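The primary structure of each chain is shown beneath.
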Amino acid sequence: MVEVVEAVPLDVSDADALRYLPEGPYQIGEGQFSWVAIQHGADVQHGSLNRYDLNAGENVSLDLPGRPGFAFPCNTENRFVVGCERSLGFFDVSTGDWQPFCEGVDADVSNTIINDGLAYEDNLVFGTKDLEFKTKKAGLYLYRGRDEKLIRLRDDQICSNGKATLGEDGSLWLLDIDSPTRKVVRYRLDIDAGTLGEPEVVLDLSDDAAVPDGAILTPDASGLIVSMFLPESAAYGQTRLYELSSGQCQKVWRTPLSPQNTCPALVQHQGTLKLVITTAVEHMTPADQAVCTGAGRIFVADSGFASEGWQPPRFDA
């Protein structure tokens, strides 16, 4: 039987700009997480990097020079690595300084921007999205830190979303979601060679009304937590735990009156491991927003996982 957990909204912000498209929560310290507002409205061409403190109940928002897809803390204090528009760069939250170090992502196609990604040692794996959400032209990339090389792994995605790396049988595997396919696939990832193996379907959600968006592994790497983006009015949204070995859904975290779940994150807080879930208002009609009054809020719930010994990686820079 599938376990159901009700998440509760955090007091982050009532500002429309910060509720439009929140994504990418990530632990930056005990009881603290960052997240990105990809854009501050349908016609706004910039977003922000945000940091929320669960203990204080406070959010600090800093505008970025464009639309961010992801942001991860670095080993260097106050520094984040950010994928913004078509560039990778470092953002200093103490000064607001933005320093691009890799530009020209998807340079040979139009109307795409960087979307979701992950940090692995001094490497980044990330994808882009077609802003019209229909053409197979978005890229999947490896930025290899040791030689500062940008390598395109695929050029046929539509909206490259949730990602995770998994070590198994002496190999490194990439779990990846191209949202419109409604499938989670895995590839053998060879960072030294800069190559992907053939895709293998891990989860097939083709018959689901919702679209898989962001995703993270459980602490023991046996399961995948997937946020589901339901593009219609509903009483709640869902972020689900799937067992990788069987593909079975084991647990659902529900977000009341907020059907468009975008991304999950695990965050240590007061001796427990919480699940933080971002949700969005993007594409909702005024009528849907009037019903789904929780849309765009950030939610938190008990994860059910032990917090001892768990730490998210930081970008080695």
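Residues numbered from 1 in each chain as written. Predicted model: local features only at pLDDT ≥ 70, side-chain atom pairs only at ≥ 80, totals over all residues. Heavy atoms only, no water.

(A) A look at the pattern of salt bridges. Within this structure, the stated rule accounts for 18 salt bridges. Of the charged contacts in the structure, one is a salt bridge between Glu6 and Arg254, with a shortest N-O distance of 2.7 Å. Highlighted residues: Glu6 in strand E1 (residues 3–6) and Arg254 in strand E23 (residues 249–256), separated in sequence by 248 residues. When its relative accessible area of 39% is taken as the criterion, Glu6 is described as partly exposed. A salt bridge links Asp208 to Arg240, with the shortest nitrogen-to-oxygen separation between them at 2.6 Å. With a gap of 32 residues between them, Asp208 in the loop between strand E19 (200–204) and strand E20 (211–217) and Arg240 in strand E22 (residues 236–243) connect regions that are remote in the sequence. By sharing partners, the salt bridges in this structure join Arg144, Arg146, Asp147 and Asp192 into a single network. (Salt bridge = Lys/Arg side-chain N within 4 Å of Asp/Glu carboxyl O. Helix = DSSP H or I, 4+ residues; strand = E, 2+ residues; numbered from the N terminus. Buried < 20%, exposed > 50% of the residue type's maximum accessible area, 1.4 Å probe, protein only.)

(B) Region of interest: the sheet that holds strand E5 (residues 48–53). The 4 strands lie next to each other as E3-E4-E5-E6, forming an open sheet whose pairing is antiparallel. Single-partner strands in this sheet number two, and they are strand E3 (22–29) and strand E6 (58–63). With strand direction ignored, the average angle separating the axes of adjacent strands in the sheet is 20°. The pairing of strand E4 (residues 32–37) with E5 spans 6 bridges and is classified as antiparallel. Within E5, the position partnered with Ala37 by the bridge is Ser48. (Pairing = 2+ DSSP bridges. Axes fitted to C-alpha atoms, helices over the stretch in contact; angles between N-to-C directions.)

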